[in-house]
Structures are given as structure tokens and as C-alpha cells.
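Residue strings, one per chain:
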Amino acid sequence: MTDAQQTAEAAPGINAPAPSGPAPVPLLAPREGIPPVITDDGALAEAVAAFAAGTGPVAVDAERASGHRYGQRAYLVQLRRQGAGTALIDPVACPDLTSLGRALGRSEWVLHAATQDLPCLRDIGMVPFRLFDTELAGRLAGFARVGLGVMVETVLGFSLEKGHSAVDWSSRPLPEPWLRYAALDVELLVDLRDALEEELRRQGKLDWALEEFAAIAAAPPPPPRKDPWRRTSGVHKVRRRRQLAVVKELWTARDQIAQRRDVSPGKVLSDAAIIAAAQSLPPDVRALAGLQGFGHRMGRRQLQHWQSAIDRARALPEEELPQPGQPAGGPPPPRAWAEKDPAAAARLSAARAAVTAHAEELNLPQENLLAPDVVRRLCWEPPAEPGAEAVTEALRTLGAREWQIAQTVGPLTRALAAGD
């Protein structure tokens, strides 16, 4: 019997009829209560043995301190497995969970939005061989809303506690309400997985999902982002190269401080402040203090630090100023295509329309049918002879999965021909 079946005699499934009246959705509670947080090697060894002896898929989740700390490290890891119950592990006290990762071996890990948690899990030695992503499964199955709480309520008929997702999980000790929230995140994750697997099978999409999950599990860690300062919110408003240099210098100075203090960069200086300074190019501290984000609460020493970064940008020779637009290595922004290459713009318009129409027929998001970047790159540099075979090979080279190729090669081949 599953956890959900043990929690209640019946729960509405994916295809269950809507209730006739406004009956309240039952609030889920941990069946075994809140387990103590594991903070030492002895308790960790016991948990490793218990989960190695458990059966079936393993529900896995991690809590980070996004918006509070620098980086994306895990500050709590939650697991649940049949026969082992729920475990809450403090990766600050137990920073190496390699033994746990190995104990789970080739078991299937069930995560919600796996790509968000896998980097921080990898950093502490936990790397899955197989996984099932309930968020991605929900997208492929056509659910309009795929947050964990909404999915559990829609599919299993239980309400999860809300309100602690954005708290500072680096705090110690962790309050009991936070721990209850964390334990509930894995309480019904395997039950949700089973229900979504059945729904995907019913829709004929299970093989697609399994291919996606395998690709996520096999993906290497992403390379360092090139020019991360270009992702500053509002940077599109900055047009001149000297102003872009200010964005880069301020972003770099802020990042160094945030890393040293282990705080979120936004707590050091907001993106809006960086953009305001870049657009204004203040000549001195007095002018800087009058800008958004550099108000009266900021001391003169801090202001001087930021002004020094601005002065460095002002002093750069012309040839060292950053270039506007996207970094080299990909097609230009689509808004520039009509001027740069009208034929490519026509191809992109036809291809986007074709992918969108087919995604609607399949009842899944367009970006899950085929990544927008793949469509753009295909249209910017199409095969010389855009027949089905050449388009198939181009999509494969661009990283499309086989099921995506099978679903889109026909519409894209026709779109490329129509666009030309």
C-alpha cells in the first residue's frame, strides 16, 4: 500500500470528477511525525543503511538559501523511501553524502524540478543514475500549473503546507514548522510519480518522458556561464559601450563582496542600482548618492567603493570596452533578424508557428516540444538542402531528443521550405 493510500482511504486522481461542493482539501501531515535532523556521522551511517535496505524509488529534495546566501549550496536534504521512512540531513554538519549516494545505487530518484536540485546535490556527492522528474512529467502531461503543491492537490487530493519555500535555510537551528514543511515535500512524491507515470502512459507520452529523464541524469555539469554580468536585470536598457563597462565593473565588484560575505548579491547592491549608475555615469560620490539604490543608508566608504568601480569603467580605453548585444557564438536576437537576414526571419516565423501549432495538438508547452534556442539556430543556419534527413541530423546536432525530432522534423522541414 502506498503512502497516500495509508494516509487516507481515497484521494481524487487525475481523472476524478470535480467534487460537487466546496469540500476542503485535507492538509497533509507527516505520517511518522518529523524525524530528527541528522547532524553526525553515526546517525548518517544508520540512515545510509536504512535507505540501502529500502525498496522502490527514492523521493529526494533539497532546500537552498536562494536570495539569502551566495551560491546555490544545499542546506537541508530530504529523502523518503518505502521501508526507510523519511530522513532529514543537514549537509552543513554532514558535507559529504557520497556514501548515501552510493547506497542508493541504481535506484530511481524522484525529484520535482530536478535540474534545480541536482547541482547542489552533486556538490555533496549525490548523483542519480536514474530519475523521474514530477514537474517535467506534469508539463508533458499537459498540466497548466506544475508547482509541487498544486500537483499534489490536483492529482492526489492533499494540500501541502505553504509559506517556507523562500526562508533562509542556512539558519540554525531550523524551526519545527520549516522541518515539517521540508518533510512533507517528499511525503507523497513517489505517489505523485506513480500517478503521473500512469497518466503519461495513457496519453502515449511515457517514452518521451523517460527519454527526457535519461537526458537530465546523463547531462554533465554546465560550463561556467560566459559574461554572467550580461544577465543583470535591465541591461537591455543600456546601449552605449562605456555604460556597459560600468555594468560589468559594478557587477564584478558586487560579486566579489557577496562571495566574501556569503550573501546574495542582491543584498549587496540591487540590479536596478547598477543600471541606474550605468545610465547616469556619475562623476563623483555626491552624484552617485543621488541615484536609485545609493541612498542615505549607504555610508561614504561604500559609496566610494562603487564610485571606484565606475571610475575604472570611465578610464578604460575604447578598444577594451565590452561589445553591445549577446556574446558571440549564437544567432543575433530575433528582433534584429528582419534587418540582418530577412529570409532567416521568414524561416523563424514559419518554424515558430509550426512548432506552436503542433505543441497545442499534443497538449504540451512549446518549449518542451522543442527548445526555442534549437529552433532559432536551425533557422539562422539551416541545412543547405533542408530535406527531412538533413533537418533530422541538424536537430540531433543541436541537442534535440529523438522523440522531439520525430515529432517536429515534418513541420520544421515544411516551415523551412515555406520560409525560403
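Scroll up a little and you will see the structure.
Notes on the structure in this doc start here.

Cut-offs applied
- Residues numbered from 1 in each chain as written.
- Predicted model: local features only at pLDDT ≥ 70, side-chain atom pairs only at ≥ 80, totals over all residues.
- Heavy atoms only, no water.
- Core = buried A, V, L, I, M, F, W, Y, C linked by side-chain atoms within 4.5 Å.
- Buried < 20%, exposed > 50% of the residue type's maximum accessible area, 1.4 Å probe, protein only.
- Helix = DSSP H or I, 4+ residues; strand = E, 2+ residues; numbered from the N terminus.
- Contact = heavy atoms within 4.5 Å.

What follows covers the nonpolar core. Of all hydrophobic cores here, the largest spans 80 residues; its most connected members are V77, L79, I89, L97, M126, L192 and L395. Of the residues forming this core, the biggest block, seven residues, is contributed by helix α16 (residues 342-362). Residues within four places of L79 in sequence aside, it is in contact with F51, V58, A59, V60, G85, T86, A87, I89, L100, L104, M126 and V186. The next biggest cluster of nonpolar side chains, apart from the first, holds 31 residues, and it includes L250, L269, I310 and A313.

Okay, the environment of G299 next. For G299, the position within the fold is in the loop between α13 (285-289) and α14 (300-315). Classification of G299 by relative accessible area gives partly exposed; the value is 30%. Sequence separation between G299 and E199 is 100 residues, and the spatial gap between their C-alpha atoms is 58 Å.

Moving on to helix α4 (residues 114-123). Within α4, the full set of buried residues consists of A114, D117, L118, C120 and L121. Tucked inside the fold, the buried residues of α4 contact β2 (55-63), β3 (76-82), β5 (108-111), β6 (130-133) and α9 (206-218). Looking one or two residues beyond α4, the residue adopting positive phi is G125, at roughly 95 degrees.

At the junction of R172 and P173, the peptide bond is cis and its omega measures out at -5 degrees in the coordinates. Its location among the elements puts P173 in the loop between α6 (148-156) and α7 (176-187). Although it is not a glycine, D227 adopts a positive phi angle of roughly 50 degrees. Here D227 shows up in the loop between α9 and α10 (241-261). At L281, a residue that is not glycine, the phi angle is positive and equals roughly 50 degrees. Topologically, L281 is positioned in the loop between α12 (271-280) and α13.

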